[in-house]
Amino acid sequence: MPAPRRSPTRAPHRREILLAGGALGLGALLTACGGDSDTSTTGKDGKGQKGGKAWSFKDDRGKTVTTDEHPRNIVAFVSTAAALHDYGIECKGIFGPSKPVDGKPSPQAGDLDLDKLTDLGHAWGQFSIEKYAALQPDLLISNMFPPPNLWFIPEESRKKIASLAPTVGINGARVSLREPLKRYTELAASLGADLESEKVRAAKARFQKAERTLRKAAEANRGLKVMATTGDAENMYVAVPDSYCDLHYFKDLGIEFVEGKKSDEWGFWEFLSWENADKYHADLIMIDNRTTALPPEELAKKPTWAQLPAVKAGQTVPWSMEERYSYAGYAPVIERLAAAVEKSKRLKR
C-alpha cells in the first residue's frame, strides 16, 4: 500500500506524519531549502560570535555553504539544536516536536532549555516565517531523510525560508550512525566548539564504552531477533534496518534485526495491517518513542500486538528514532538497548 501524498493545503494525518517523520524519509512531502548559496561552517577562532572571518561548510547535499561572517543567529530542527548544544553551540530558534511527552521532556529536545529558545512551530507543517525573520537568522540547519530534503521545512514555505538565510543539511538515512555523528562534530567545530573540553571528551568516552557493551551483549545473546516498529490506527510498520542510520550501526555491532521489506519507493518501512502484525517473529521489539507514534498504552489495545511473544514477555524497549546526533545523545540510547539485549531471552513463536 503506497504512502499517501499530502496536499500542502490539508492537515496531515497521523499516518502521514509517521511515514514522513524523523528518519522515515518520505522526501516527497518536503523540499530542501536554499539556493546555491547554502553554507555552514566556521573556524574555531570565531568562538561562536558573529564577525571576523568568513565561514564555510560543505554539507551533505554537496553544497558549500558560506557566510560573510561567523554565524551567530542559528535556527535549527529541535534535535539538531540539541546536538549542537551538547558541543556548546547555542541556537536562537528551533522548529519541530519539542513539547513534553506524557509530562516528561521531549526526547528530541535533549538538554535544551526550551524557555530560552524561540519556537517557530512544533507540529507538522508549522513554521512561522514571521518569527524566523524577526530572529535575523544567519543560518538554518536541519537533518535530511534522505538528501536533499531538509526535514520539517514546509514545502509551501521553502523558497521564502531559503531567501532569509543560508541552509545546511546533514544526512541521517542509509548510512551508519557514525556518519552523522562525525558530520555534526565537524559542523560544531566549524561553529566554534571546543572538542577537547571535558564535557565533550566525557560524552565520547561514555559513547565508546556503551558501544563496547552493546557489542558484547549482542555476542552473548547471538540469535536474538530484534524488530524496530512504529504504528498508527490502521497499520504496524516494520523498519528496513539499513535505511536507518542507528539500526544500520546496531547491525554493525552484532544486533540481528528482523528485515522489513520495502513497501514503497522510499524504502523505510514494510506496511502491515494489524491483522498481520504477527508476520515476523521477534524476541525484542524496539518501539518508536516520538509523539507522532502510537504509545505503548495505545498499542496494547491492538489484540494482535498484545499477543506478540515479545510484548507478552515484556521484552520491548523505546526506539529513539529522532535522537540528536551527538555522543552525549546516543550514549544512553546504546546503554538502554544493551541492557534490553542482555536481559532478553529467545522466545518461542
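See the structure shown above.
What comes next is a walk through the structure.

### Focus on the overall build of the protein chain
- When you go through the protein chain residue by residue, the secondary structure sums to eleven helices and 13 strands.
- By residue count, 56% of the 349 residues in the protein chain fall in the buried class.
- Intrachain contacts of the protein chain at a sequence separation of at least 6 include 74% that bridge at least 24 residues.

### So, the nonpolar core
- Ile141, Leu187, Phe250 and Met286 are the most contacted members of the largest nonpolar core, which has 84 residues in total.
- Per-element tally for this core: the top contributor is helix H11 (residues 327-343), with nine residues.
- In this structure Phe250 touches Leu214, Ile255, Phe257, Met286, Val333, Ile334 and Leu337, once residues within four positions along its chain are discounted.
- The next biggest cluster of nonpolar side chains, apart from the first, holds 16 residues, and it includes Met236, Tyr280, Ala282 and Ala310.

### Quick look at H11
- If you check H11, its first and last C-alpha atoms are 24 Å apart, about what 17 residues at 1.5 Å a residue would give, namely 24 Å.
- Taken together, the buried positions of H11 are Tyr327, Gly329, Tyr330, Ala331, Val333, Ile334, Leu337, Ala338, Ala340 and Val341.
- In this structure, the buried side of H11 is in contact with helix H2 (78-86), helix H5 (178-190), helix H6 (198-220), helix H7 (245-252), strand S12 (284-288) and strand S13 (316-319).

### A closer look at the pairing of strand S9 (residues 235-239)
- Most of S9 sits inside the fold, with five of its five residues counted as buried.
- The side-chain alternation of S9 yields two buried faces, one formed by Asn235, Tyr237 and Ala239 and the other by Met236 and Val238.
- Hairpin connection between strand S8 (residues 225-231) and S9: a loop of three residues separates the two successive antiparallel strands.

### So, the sheet that holds strand S6 (residues 139-144)
- Read across the sheet, five strands follow the order S5-S4-S3-S6-S7 without closing on themselves; strand pairing throughout is parallel. What marks the edges here is a single partner per strand, and that holds for strand S5 (118-119) and strand S7 (167-171).
- When strand S4 (residues 93-95) meets S5, the two strands line up parallel, connected through two bridges. Within S5, the residue paired with Ile94 across the bridge is Asp119.
- Running over the sheet, H2 touches strand S3 (74-77), S4 and S6 and is turned about 120 degrees from S3.

### What about the packing of aromatic side chains?
- The full count for this structure, using the stated rule, is 20 aromatic pairs.
- An angle of 85 degrees between the planes, with centres 6.4 Å apart, marks the rings of Trp274 and Trp305 as edge-to-face. With Trp274 in the loop between strand S11 (269-273) and S12 and Trp305 in helix H9 (residues 303-306), this residue pair connects regions lying 31 residues apart in the sequence.
- A residue is classified by how much of its surface remains accessible, and Trp305, at 3% relative accessible area, is buried.
- Members of the aromatic cluster, each reached through a chain of ring pairs, are Phe77, Phe95, Trp124, Phe127, Tyr132, Phe145, Trp151 and Phe152.

### Concerning the packing of H7 against H11
- Relative orientation of the contacting elements H7 and H11 amounts to 55 degrees, with a least axis distance of 13 Å. By the criterion of interaxial angle, the relationship of H7 to H11 is oblique. The chirality of how H7 crosses H11 is right-handed. Here Asp246, Tyr249 and Phe250 of H7 come into contact with H11, specifically with Tyr330, Val333, Ile334 and Leu337.
- Taken together, the residues of the contact of H7 with H11 break down into six nonpolar, no polar and one charged.

### Some points on the environment of Gln208
- Following the sequence through the fold, Gln208 ends up in helix H6.
- Judged by its relative accessible area of 33%, Gln208 is partly exposed.
- Along the sequence, Gln208 and Ile334 sit 126 residues apart, while their C-alpha atoms lie 9.7 Å from each other.

### Let's talk about unusual backbone geometry
- Here the bond from Phe145 into Pro146 is cis, since omega is -5 degrees, no more than 30 degrees from zero.
- Looking at the secondary structure, you find Pro146 in the loop between S6 and helix H4 (158-164).
- Residue Pro148 is reached from Pro147 by a cis peptide bond, and omega for that bond is 10 degrees.
- Mapped onto the elements of the fold, Pro148 is located in the loop between S6 and H4.
- The residue Gln136 is not glycine, and still its phi comes out positive at about 50 degrees.
- According to the relative accessible area criterion, Gln136 is exposed, its value standing at 59%.
- Positioned with a positive phi, Phe152 is a non-glycine residue whose angle comes to about 75 degrees.

### Quick word on the side chain of Glu211
- Tracing the backbone shows Glu211 in helix H6.
- Overall, the relative accessible area of 15% leaves Glu211 in the buried class.
- Discounting chain neighbours no more than four positions away, the residues touching Glu211 are Arg178, Tyr249, Leu253 and Ile334.

Rules behind the numbers
- Residues numbered from 1 in each chain as written.
- Predicted model: local features only at pLDDT ≥ 70, side-chain atom pairs only at ≥ 80, totals over all residues.
- Heavy atoms only, no water.
- Helix = DSSP H or I, 4+ residues; strand = E, 2+ residues; numbered from the N terminus.
- Buried < 20%, exposed > 50% of the residue type's maximum accessible area, 1.4 Å probe, protein only.
- Contact = heavy atoms within 4.5 Å.
- Core = buried A, V, L, I, M, F, W, Y, C linked by side-chain atoms within 4.5 Å.
- Expected span 1.5 Å × (residues − 1).
- Pairing = 2+ DSSP bridges.
- Axes fitted to C-alpha atoms, helices over the stretch in contact; angles between N-to-C directions.
- Phe/Tyr/Trp six-rings, centres within 6.5 Å; stacked < 30°, edge-to-face > 60°.
- Parallel < 35°, antiparallel > 145°, perpendicular 65-115°, else oblique.
- Left-handed = near helix turned anticlockwise from the far one by under 90°.
- Nonpolar A, V, L, I, M, F, W, Y, C, P; charged D, E, K, R; others polar.

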